[in-house]
Every structure is written in structure tokens, then in C-alpha cells.
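The lines below spell out each chain.
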Amino acid sequence: MTENVALAVRGPFDLAASIRFLEGFTPAGRPDAGRHRGALALAFPAAPSWRPVGVRLRQEGDTVHAEIEAHPDDVAPAAEHARRILSLDVDGTGFAALDDPHVVRLRERFPGLRPVLFHSPYEAACWTVIGHRVRMAQAAGIKQRMAERLGDVVGGVAAFPGPERLLTVTDVPGLPPVKIERLHGIARAALDGDLEADRLRAMETAQALVELQRTPGIGLFSAELILIRGAGHPDVFPASERRLHDEMAHEYGLHDPSPARLAAIAEAWRPYRSWVGLLLRARREAETAEVARGRRITR
């Protein structure tokens, strides 16, 4: 069935900025994101059923309209996924009030851009395994081919395979057996509810990161990515993301600052530390194109 759902927007948001981000930032890897003028088409397996759904999004003022193609029982979960993917489930009015001059400049450069997430913590976790120690563009290609070969096409977009389907997979071109074994572990964790976004966001950050690292193949770097870009936690400062730390040092004019020093600076960004981190990454990519040029994913 197809149903229309209105997603309210609280605070500055520009869907066009989200589309531009998806078009140009691996692992988002959606060069076709702007194919439909003013609209964004998504397809993904929606928890808790993990059936594939399609969502087409358009913005009119302070409302994003979602046209959802899904089983009737999956319409509401698909809408919640869409809210989280675009960070619309967070009240952004306070973000516009952050007065750190560095943050002000970043907001002015990327007006209306909020974090654009993986479709779920499950898919984010799969990405961390697929991309471990390979170039981002190569990892994005493997992930896309998995969607095309193993997933369902909804609304013209191939959805990444759900965890039940992933558990049946024994061979993926480009992935060694150890990565397939780890993907199976992620699939089981998703089916057990261990990767449920609201559950992870309700925990203390340190506890959520410990929980995530209990899944084989998930270290601190991956756990932080899953919590920030999978579950959509708006207020996490990653301790292990060197590219973000380097960009902060550049922005604030610091020479070889410690992670503790950077974390202290980021205190001024509360409760939107993840959001400011996204703007710093976007600015770094806009100026260096290091991801587009095929930089390796590091830990």
C-alpha cells in the first residue's frame, strides 16, 4: 500500500541540503539522490519486521511529506525511520542558537543541513564491517551491489538486504569469509533487538558504546559511527575519529591538541555535538574531496 505521512520540522532544515550531501559524500553514495527534482527517494528494510519499504520525501515549508510504499504494518515504522534518517526526530531550534563563532560560520556555510543517517543502526554496522580497511568508494560499491543482488527494489531504489536475508548469504564478491561471518553476527544482533535505535539512544553514551562493542568486529570507532550515524544520537563527541579531530584542530587554530582538549571545546556544542561534527566533516570534504578521491577507512 501507499500512504502519505506528514513529518513536522522543528528548527532550520533544508531537504535540498540533505540531497546534496547524499549526492557527494561517501558512504552516503547516492549520486542519484537528486534525480527527482526536489524529492528524495529511499528504500530500506524497516525494523521491527525488516520488510523492505520505499519512502519518497518532499519539503513544503516546515513540513516534510513522506509518500510511503510499504506493508500496512510497516507504514508507521517507515515514517519513524525517515524522521531519524533526516534527523527530524530531534528539535533543532536550539541548534540555531549555539553561539560559538566557529559553529555560526559552519551553519552559514551549510544552511539547513542536519546529519543524514544510515537507514538504521543495523545498516550502519554492516557498513563498518564492509568498509574495514578498504577504500570508501570500494566499500560503497560493494554495499550497493549487495543491495542490488540481495535486496528488493522499491520505488526504483534497491534496498540493502534485511538481517534474515543476510543470514542466508555465504558469498559476497569482494568480502572475505571473516567479514561475512561478522555480517551474520550483526544480522543476529539486529534480530535480537540489540541494534534498536531508541534503545541505544536511551542509554548513557558510554554504556551504549560498550554494548555495541560486544558484537564481533565492532570496535570503538565502529561503535561511535553506529551510535551517531545509525541510531542518530544528536550529542556524541567521538573519541576515535581522527579526521574530525584534525578538522577541529584546523578550525580552532590548535597544534596537535589532545582528544581531551577537543572534547572540552565540544562541550559548548551540547546538546548537538554530533550535528556540529557533521558540519565539520562536510566542510572538510568540500575543501579536500578526500573521501571522493577514495581515501581508506581507518580505525
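Quick caveat: nothing in here was measured; it's all calculated off a predicted structure. Numbering of residues begins from 1 in every chain and follows the order in which that chain's sequence is written. Predicted model: local features are reported for residues with pLDDT of at least 70 only, side-chain atom pairs are reported and counted for 80 or more only, and whole-chain, interface and lining totals are derived from all residues. To get the side-chain values, take all heavy atoms of the structure and skip hydrogens and water.

Peer 1: Help me out: how do you make sense of the overall build of the protein chain in this one?
Peer 2: Helix and strand labels come from DSSP, where a helix needs a run of H or I of at least four residues and a strand needs a run of E of at least two; each type is numbered from the N terminus. Each helix and strand in the protein chain was counted, giving 13 helices and six strands. We take the radius of gyration over the C-alpha atoms and set the globule estimate at 2.2 Å times the residue count to the 0.38 power. In summary, the protein chain has a C-alpha radius of gyration of 18 Å against a globular reference of 19 Å for 299 residues, a match within 12%. Here the C-alpha coordinates of the protein chain stretch approximately 50 × 45 × 35 Å along the principal axes. Partitioning the intrachain contacts of the protein chain with sequence separation of at least 6 by distance along the chain shows that 65% fall at a separation of at least 24. For accessible areas, the Shrake-Rupley method is used with a probe of radius 1.4 Å. Any residue's cover is judged against the shown protein chains and nothing else. In the structure as shown, the protein chain presents an accessible area of about 13000 Å², 50% of it carried by carbon and sulfur atoms. Averaged over its 39 positive side-chain charges, the protein chain has a centre that lies 6 Å from the centre of its 39 negative ones. In this description, contact between two residues means that some pair of their heavy atoms is separated by no more than 4.5 Å. Working convention for charge: Lys and Arg count positive, Asp and Glu count negative, and His plus the chain ends are omitted. By convention, the point assigned to a charge is CZ for Arg, NZ for Lys, CD for Glu and CG for Asp.

Peer 1: Could you clarify how one ought to interpret the sheet that holds strand β4 (residues 63-69) in this entry?
Peer 2: Strand pairing in a sheet relies on backbone hydrogen bonds, with the paired strands running either antiparallel or parallel. DSSP calls a pair of strands paired once it identifies at least 2 bridges connecting them. Spatial ordering of the open sheet is given by β1-β4-β3-β2, a layout of four strands whose pairing is antiparallel. The sheet is open, and its two edges are formed by β1 (2-8) and β2 (39-46), each paired on a single side. Ignoring strand direction, the axes of neighbouring strands in this sheet form an average angle of 25 degrees. Summarising the sheet, β2 and strand β3 (residues 51-60) pair through eight bridges and their orientation is antiparallel. Counted as the bridge partner of Ala 43 is Gly 54 from β3. Axis definition: a line fit to C-alpha positions, over the contact stretch in the case of helices; interaxial angles, taken between N-to-C directions, run 0 to 180 degrees.

Peer 1: Teacher, can you tell me more about the packing of aromatic side chains here?
Peer 2: Note on aromatic pairs: each is described by the distance of the centres and the angle between the planes. Each pair of aromatic rings taken from Phe, Tyr and Trp, with Trp reduced to its six-membered ring, is defined by centres within 6.5 Å and is described as stacked if the planes are under 30 degrees apart, edge-to-face if over 60, and tilted in the remaining cases. For the structure on display, the rule yields seven aromatic pairs. A ring pair is formed by Trp 50 and Tyr 122, whose centres lie 5.2 Å apart and whose planes are at 65 degrees; its orientation type is edge-to-face. One end of the pair, Trp 50, is in the loop between β2 and β3; the other, Tyr 122, is in helix α4 (residues 121-130), and 72 residues separate them in sequence. Exposure class is identical for Trp 50 and Tyr 122. Each is buried. Here Phe 118 and Trp 127 contribute two aromatic rings whose centre-to-centre distance is 6.3 Å and whose plane-to-plane angle is 35 degrees, an arrangement assigned as tilted. The exposure classification of Phe 118 matches that of Trp 127, with both residues buried. Here Arg 107 stacks its cationic end above the ring of Phe 95, 5.9 Å away from the centre of that ring. Each residue is placed in one exposure class: buried if its accessible area under a 1.4 Å probe, protein chains only, is under 20% of its type's maximum, exposed if it is over 50%, and partly exposed if it falls in between. Consider the ring centre and the ring normal. A charge sits over the ring if Lys NZ or Arg CZ is within 6 Å of that centre and within 35 degrees of that normal.

Peer 1: What's the story with the packing of helix α9 (residues 205-212) against helix α10 (residues 220-230) in this structure? I'm lost.
Peer 2: Relative to each other, α9 and α10 sit at 120 degrees, their axes nearing to 9 Å. Of the two elements, α9 crosses α10, and the hand of that crossing is right-handed. Contacts between α9 and α10 pair Thr 205, Ala 208, Leu 209 and Leu 212 from the former with Leu 220, Ala 223, Glu 224, Ile 226 and Leu 227 from the latter. Each residue gets one label: Ala, Val, Leu, Ile, Met, Phe, Trp, Tyr, Cys and Pro are nonpolar, Asp, Glu, Lys and Arg are charged, and the others, such as Gly, are polar. Residues of the contact of α9 with α10, tallied by class, amount to seven nonpolar, one polar and one charged. Here is the rule for handedness: rotate from the far helix to the near one, and if that takes an anticlockwise turn smaller than a right angle the crossing is left-handed, while a clockwise turn gives right-handed.

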